[in-house]
Amino acid sequence: MVTEFQSSSAMVGPRAWIGGLFNRSANRRNERFHDYHLTPPQEERLQRLQERLQTPFDESRPDHQAALRDLWRIAFPNVVLNGMISEQWKDMGWQGPNPSTDFRGCGFISLENLLFLAKNYPASFQRLLFKQGGNRATWEYPFAVAGINVSFMLIKMLDLFSEKPRCLPGMNFVRILGEDEAAFDVLYCVAFEMMDAQWLAMHASYMEFNEVLKVTRRQLERELSLEDIDRIQDLPAYNLLYQAQKVTLDNFRRDLNYEDRDHF
């Protein structure tokens, strides 16, 4: 199990939160989606992505431990982590003192996704982690656990466990993947920002996370079904990432101007 939120409605982790969300909604697949052919680059990159999906998080592997420590250092650069098992992890939104228990059901790729967000879109990472901006709920979603569930939602939505996707969003994604091997990771960042935007727009709270994730999935499916999408950056929702970086840059410039004035 990835994570388990104790609630009567569904904000639970890998088996209840994640599994229950998608098992109830069957994937309708049209026959015309079965006969298309992948180009060699598409086939190669899809295979590599699927290999990533099959890699579980292994707390005994030094490289997996190092990746988790890297995430901590980026999130809290001035706070020393006491150990791989520590109550400090709850500050990042893990369920308990041992994050490894939250990865069951999605695997190492969900940690890779979080690290990609942290390293490539640091403004979005900080804003999402610390719930900056907007009228936030009293009972907010836990950042790390939500991130794992966003990864799982994308995997199911794109039908990535099939030999090749049998849905229009998945087919279009593989076409994009053939041109950009980082497409899944970038899409993850867009999806996380979109989920948070939906959370704010719906004035949601902890118990409503499932519904927010469903709405996010439907919106992403619509955007990935558009005909003029050649890159993840072409998605309308990609602007959410751009805006987050721009706000941070504008704030930095403003602070820099204040510092300059102080010298006179």
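Residues numbered from 1 in each chain as written. Predicted model: local features only at pLDDT ≥ 70, side-chain atom pairs only at ≥ 80, totals over all residues. Heavy atoms only, no water.

- As recorded in an unreviewed UniProt entry, the protein chain goes by the name ELMO domain-containing protein, listed as coming from Citrus sinensis.

## Focus: the overall build of the protein chain
- Secondary structure summary: the protein chain contains 10 helices and 0 strands in total.
- Mapped from its N terminus to its C terminus, the protein chain presents α and β elements in the order α-α-α-α-α-α-α-α-α-α.
- Looking at the protein chain as a whole, 50% of its 264 residues qualify as buried.
- The long-range share in the protein chain, meaning contacts at least 24 apart out of those at least 6 apart in sequence, stands at 70%.
- Summed over its atoms, the accessible surface of the protein chain is roughly 13300 Å², and 50% of this surface lies on carbon and sulfur atoms. (Helix = DSSP H or I, 4+ residues; strand = E, 2+ residues; numbered from the N terminus. Buried < 20%, exposed > 50% of the residue type's maximum accessible area, 1.4 Å probe, protein only. Contact = heavy atoms within 4.5 Å. Areas by Shrake-Rupley, 256 points an atom, 1.4 Å probe, with all protein chains shown as cover.)

## A short note on the nonpolar core
- The biggest cluster of nonpolar side chains holds 69 residues, and the ones touching the most others in it are Met-92, Trp-94, Leu-154, Phe-173 and Phe-192.
- Per element, the largest residue contribution to this core is 12 residues, and it comes from helix α8 (residues 183-201).
- Once residues within four sequence positions are removed from consideration, Phe-173 is found in contact with Leu-49, Leu-158, Leu-160, Ala-183, Phe-184 and Leu-187. (Core = buried A, V, L, I, M, F, W, Y, C linked by side-chain atoms within 4.5 Å.)

## Here we look at the packing of aromatic side chains
- Counted according to the given criterion, the structure contains 15 aromatic pairs.
- Centroid distance Phe-125 to Phe-143: 5.4 Å. Interplanar angle 85°. Geometry classified as edge-to-face. With Phe-125 in helix α5 (residues 122-129) and Phe-143 in helix α6 (residues 143-157), the pair connects residues that are 18 residues apart, well separated along the chain. Here Phe-125 and Phe-143 have matching classes, each one buried.
- Through successive ring pairs, a cluster of aromatic residues spans Phe-57, Trp-94, Phe-103 and Phe-108.
- Above the face of the Tyr-141 ring, Lys-131 is positioned so that its terminal group lies 4.3 Å from the ring centre.
- Against the face of Tyr-36 rests Lys-164, its NZ or CZ located 4.7 Å from the ring centre. (Phe/Tyr/Trp six-rings, centres within 6.5 Å; stacked < 30°, edge-to-face > 60°. Lys NZ or Arg CZ within 6 Å of the ring centre and 35° of its normal.)

## Focus: the pattern of salt bridges
- Considering all chains together, one arrives at 17 salt bridges under this definition.
- Put simply, Arg-61 and Asp-63 hold a salt bridge, and the shortest N to O gap is 2.7 Å.
- Residues joined in a network through salt bridges with shared partners are Arg-127, Arg-136, Glu-140, Glu-193 and Asp-196. (Salt bridge = Lys/Arg side-chain N within 4 Å of Asp/Glu carboxyl O.)

## As for helix α3 (residues 62-75)
- Over its 14 residues, α3 runs 20 Å from end to end, which matches the ideal 20 Å to within 8%, given 1.5 Å per residue.
- At its buried positions, α3 is contacted by α4 (108-120) and α5. (Expected span 1.5 Å × (residues − 1).)

## Observations regarding the packing of helix α2 (residues 40-53) against α4
- Running from N to C, α2 and α4 point in directions that differ by 110°, and their axes come no closer than 7 Å. Comparing the axis directions of α2 and α4 gives the class roughly perpendicular. For the pair formed by α2 and α4, the contact residues are Leu-49, Arg-52 and Leu-53 on the first element and Ile-109, Glu-112 and Asn-113 on the second.
- Partitioned by chemical class, the residues of the contact of α2 with α4 number 3 nonpolar, 1 polar and 2 charged. (Axes fitted to C-alpha atoms, helices over the stretch in contact; angles between N-to-C directions. Parallel < 35°, antiparallel > 145°, perpendicular 65-115°, else oblique. Nonpolar A, V, L, I, M, F, W, Y, C, P; charged D, E, K, R; others polar.)

## Here's the deal with the side chain of Asn-98
- Note on placement: Asn-98 falls in the loop between α3 and α4.
- For Asn-98, a relative accessible area of 17% translates into the label buried.
- Side-chain polar atoms of Asn-98 contact the side chain of Ser-100, separated by 2.7 Å.
- Not counting the four nearest positions on each side in its chain, Asn-98 is found in contact with Glu-59, Met-84 and Ile-85. (Polar contact = N/O pair within 3.5 Å; in protein donor to acceptor, adjacent residues only side chain to side chain.)

## Brief notes about unusual backbone geometry
- The phi dihedral of Lys-131 falls on the positive side, at around 55°, and the residue is not glycine.
- For Lys-131, the location among the structural elements is in the loop between α5 and α6.
- Despite not being glycine, Asp-159 shows a phi value in the positive range, around 60°.
- Following the sequence through the fold, Asp-159 ends up in the loop between α6 and α7 (168-177).
- Taking relative accessible area as the criterion, Asp-159 reaches 6% and is therefore assigned buried.

## Details of helix α9 (residues 209-224)
- Taking 1.5 Å of rise per residue, the 16 residues of α9 would be expected to cover 22 Å, and the 22 Å separating its terminal C-alpha atoms lies within 8% of that figure.
- Burial in α9 covers these residues: Phe-209, Asn-210, Val-212, Leu-213, Val-215, Thr-216, Arg-217, Leu-220, Glu-223 and Leu-224.

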